[in-house]
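Descriptive structure summary
Residue strings, one per chain:
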Amino acid sequence: MELAGMASNRGRNLMNVADRAPGGAEFAVVLTNDADAPVVETAAERGIPTEVVERADGESRRDHERRVLAALEPYDFDLVCLDGYMRLLSDTFLAEAPTTLNVHPSLLPSFPGMDAWGDAIDYGAKVVGCTVHVVTNAIAEDGSIIEEAVDAGPVVTQEPVPVYEGDDRETLQDRVLYEGEFRAYPRAVRWFAENRASVDYDANRVTVDGDDGGRFPARLLTSGDRAAPLRYGENPHQDAAVYGDATCEEASVVGADQLNPGAKALSYNNYNDADAALNLVKEFDRPAAAVIKHTNPAGCATAETLADAYADALATDPKSAFGGIVALNRECDAATAAEVVDSFKEVVVAPGYTDAALETLHERETLRVLDVGRDGSAGDSGRPDSYDVTEATTEKKLVGGRLVQERDAQSLAPADLEVVTEREPTDEQVESLLFAWQTVKHVKSNAIVFATGTETVGVGAGQVSRVDAVRIAEMKATNDAEGKSPEGAVMASDAFLPFPDNIEVAAEAGIEAVIQPGGSKRDDQVIEAADEHDMAMVLTGQRAFRHD
């Protein structure tokens with residue numbers, strides 16, 4: 001798409017669009033009504049032709065617009081972009097030109113006029129922004145201005161911008177330009193360049209193909225309130241803060257009450273690990289406990305009692321659990337608290353605590369005790385309703401953007417498993433395989449989990465080679481687990497097993513049943529290896545990667 005730009009001063013939005021070329025749009029020409037406007041030089045530096053059409057003394061608005069149209073006539077363009085063009089345009093221009101866009105430094109219809117920033121500050125607004133809109137006629141037949149028609153054309157897009165304490169007109173103006181207009185204007189141009197935007201002048205409305213909301217809208221607007229400044233980020237040289245969403249109904253470490261205010265506040269890494277631990281125990285209806293280190297499970301288990309679940313989880317790898325994060329999916333009782341304080345932990349997260357449990361936990365002055373119950377009543381399973389998954393998507397911030405995906409809510413049943421080996425798993429093994437699958441979802445890929453019953457035996461996390469992950473799980477189960485053994489255990493792999501060597505190592509460790517997605521071009525070889533070792537194998541048909 002070819003553009004015609006019109007500006008009276010710097011034309012910074014036009015140059016931003018030129019530099020970004022949204023949707024492949026390029027400027028055929030930039031016109032100004034002031035020969036001294038800096039935009040003439042900045043456009044020329046980019047190789048963009050320029051035209052100057054100043055308004056002569058006594059020249060009418062419409063006569064000037066006719067000369068503007070004449071100056072633009074040699075150029076081919078499909079869209080006109082105004083930026084600080086200090087002349088209201090009449091139907092003399094608009095009827096002859098293609099669709100014409102302008103940007104206004106407020107969220108129209110709020111604060112129209114020449115001093116939107118000052119008006120917003122005087123009003124005490126907490127959010128301002130900018131509006132890219134289609135320009136429509138605001139000039140009467142006699143040449144007078146129709147005030148209510150100024151900046152009243154169909155809205156293409158808007159960008160909100162916060163107002164901070166201590167902002168003045170200049171700081172707010174800069175924020176609206178660089179954080180608002182520099183995002184919104186290229187977006188609007190891209191929509192037109194991609195033929196996605198349609199203008200209905202009669203309805204005063206712009207529609208954009210695909211901009212229909214849903215879980216993954218064409219525009220993602222997020223807002224958060226700073227919950228707390230942090231001492232530092234992942235490392236002491238990095239500043240950090242945590243932001244919260246007050247509308248979140250799901251149990252969250254961000255909104256948790258810290259029940260021992262004498263302990264240090266949570267660090268960046270504490271929040272990250274506590275969130276990972278909490279999300280893992282939300283998987284299970286039975287009493288569950290998890291110990292997390294660097295967002296990976298050092299151990300996880302379910303049992304008849306919470307204390308037994310914690311003991312089984314800890315026994316998987318007590319060495320790695322030192323200084324870890326504990327998460328529970330039941331109210332913490334005195335017996336579980338006594339187990340927790342028996343070794344050094346950074347944080348414990350639970351949906352409530354008995355008075356006796358708190359008395360025990362407070363013996364560890366450095367232990368951060370988080371209550372994430374959010375007053376959620378216990379359901380039939382005894383697990384708080386607040387542990388139900390209500391946040392449907394997850395996000396990861398990237399430099400220059402963010403990834404958004406559906407939450408991995410897969411929860412398999414025995415009927416979902418395809419047995420592909422001569423040996424079929426026993427009912428007990430199926431229960432263990434499903435437990436291992438729900439757990440491996442929370443282990444960084446490449447991920448391997450060994451399990452017996454509903455407790456982990458060994459975890460191999462975050463390896464670039466899957467067979468190395470198997471070896472690490474075997475090593476952890478053999479060397480670090482207390483009272484456990486890989487002999488007779490089951491194995492979960494978060495993605496397909498690409499080579500039979502994974503089965504060879506697992507068989508040497510004593511694994512008797514495997515759950516994996518399948519889908520490798522060597523599935524036949526992998527299944528054959530399992531049969532050779534009299535091993536049961538089931539396929540899920542879906543993988544469980546976790547990369548962040």
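This text goes with the structure placed above it.
Residues numbered from 1 in each chain as written. Predicted model: local features only at pLDDT ≥ 70, side-chain atom pairs only at ≥ 80, totals over all residues. Heavy atoms only, no water.

Examining the environment of S485
Take S485: it is sitting in the loop between α13 (466-480) and β23 (490-493). As a C-alpha pair, S485 and R46 span 439 residues in sequence and 69 Å in three-dimensional space. Those residues within four positions of S485 in sequence are excluded, and the remaining contacts are T452 and V457. (Helix = DSSP H or I, 4+ residues; strand = E, 2+ residues; numbered from the N terminus. Contact = heavy atoms within 4.5 Å.)

Let's talk about unusual backbone geometry
The step from L108 to P109 runs through a cis peptide bond, and the omega angle for that step is 15 degrees. Within the element layout of this structure, P109 appears in the loop between β5 (100-104) and α5 (116-123). Of note, the bond from S445 into N446 is cis; its omega dihedral lies within 30 degrees of zero at -5 degrees. Its identity as a non-glycine residue notwithstanding, T295 has a phi of 70 degrees, on the positive side. Its place among the elements puts T295 in the loop between β13 (288-293) and β14 (296-302).

Considerations on the environment of N9
Within the secondary structure, N9 sits in the loop between β1 (2-7) and α1 (12-20). Separated by 17 residues in sequence, N9 and E26 place their C-alpha atoms 20 Å apart. If near-sequence neighbours (up to four positions away) are discounted, N9 is found in contact with A37, P38, V39 and G84.

Observations concerning the packing of α5 against helix α6 (residues 169-193)
α6 packs onto α5 with a crossing angle of 120 degrees between their chain directions and a minimal axis gap of 9 Å. The way α5 lies across α6 gives a crossing that is right-handed. In contact with W117, G118, A120 and I121 of α5, α6 contributes R169, L172, Q173 and V176. (Axes fitted to C-alpha atoms, helices over the stretch in contact; angles between N-to-C directions. Left-handed = near helix turned anticlockwise from the far one by under 90°.)

Observations regarding the sheet that holds β1
An order of β3-β2-β1-β4-β5-β6-β7 is seen for the 7 strands of this open sheet, with the pairing classed as mixed. In the strand order of this sheet, the two ends are held by β3 (50-52) and β7 (155-162), each with one partner. Taken over all neighbouring pairs, the strand axes of this sheet differ in orientation by 20 degrees on average, direction set aside. Taken together, the 6 bridges between β1 and strand β2 (residues 26-32) define a ladder with parallel strand orientation. (Pairing = 2+ DSSP bridges.)

Observations concerning the pattern of salt bridges
Applying the stated criterion across every chain, the model contains 24 salt bridges. R46 serves as the salt-bridge partner of D19, at 2.8 Å between the closest nitrogen and oxygen. Of this pair, D19 sits in helix α1 while R46 sits in the loop between α2 (39-45) and β3; the two residues are 27 residues apart in sequence, bridging distant segments of the chain. For D19, a relative accessible area of 53% translates into the label exposed. Among the charged side chains, a network of salt bridges with common partners joins D317, K319, K476 and D480. (Salt bridge = Lys/Arg side-chain N within 4 Å of Asp/Glu carboxyl O. Buried < 20%, exposed > 50% of the residue type's maximum accessible area, 1.4 Å probe, protein only.)

Here we look at the state of the cysteines
Under the definition given, this model contains 0 disulfides. With no disulfide of its own, C81 has C130 as its nearest cysteine by sulfur position, at a separation of 14 Å. Judged by its relative accessible area of 1%, C81 is buried. Cysteine C332 shares no disulfide, and the gap to the nearest cysteine sulfur, in C300, comes to 16 Å. (Disulfide = S-S within 2.5 Å.)

Considering helix α7 (residues 268-281)
A rise of 1.5 Å per residue sets the reference length of α7, with its 14 residues, at 20 Å; its end C-alpha atoms lie 21 Å apart and thus fit the reference within 8%. Those residues of α7 lying buried are N270, Y271, D273, A274, A276, A277, L278, L280 and V281. (Expected span 1.5 Å × (residues − 1).)

Points about α1
Since the α-helix advances by 3.6 residues per turn, residues separated by three or four positions end up pointing in the same direction. Turning to α1, its buried residues number three or more, namely N13, L14, M15, N16 and V17. Where α1 is buried, its residues contact β1, β2, α2, β4 (79-83), β5 and α6. Directly beyond the C-terminal end of α1, a positive phi value near 45 degrees is found at A21.

A look at the packing of aromatic side chains
What characterises a pair of aromatic rings is the spacing of the ring centres plus the angle enclosed by the ring planes. For the coordinates displayed, the defined rule picks out 4 aromatic pairs. Look at F111 and Y123: their rings are 5.7 Å apart centre to centre, the planes differ by 70 degrees, and that puts the pair in the edge-to-face class. Taken together, the residues span a long stretch of sequence, with F111 in the loop between β5 and α5 and Y123 in helix α5 at a distance of 12 residues. (Phe/Tyr/Trp six-rings, centres within 6.5 Å; stacked < 30°, edge-to-face > 60°.)

Thoughts on the environment of L328
Along the chain, L328 falls in strand β15 (residues 324-328). For L328, a relative accessible area of 0% puts it in the buried group. Linking L328 and L306, residues 22 residues apart in sequence, is a C-alpha distance of 7.6 Å. When neighbours within four sequence positions are excluded, L328 is seen to be in contact with V281, A288, A289, L306, T336, V348, V349, A350, P351 and Y387.

Function cannot be read off these values alone, since they describe shape.
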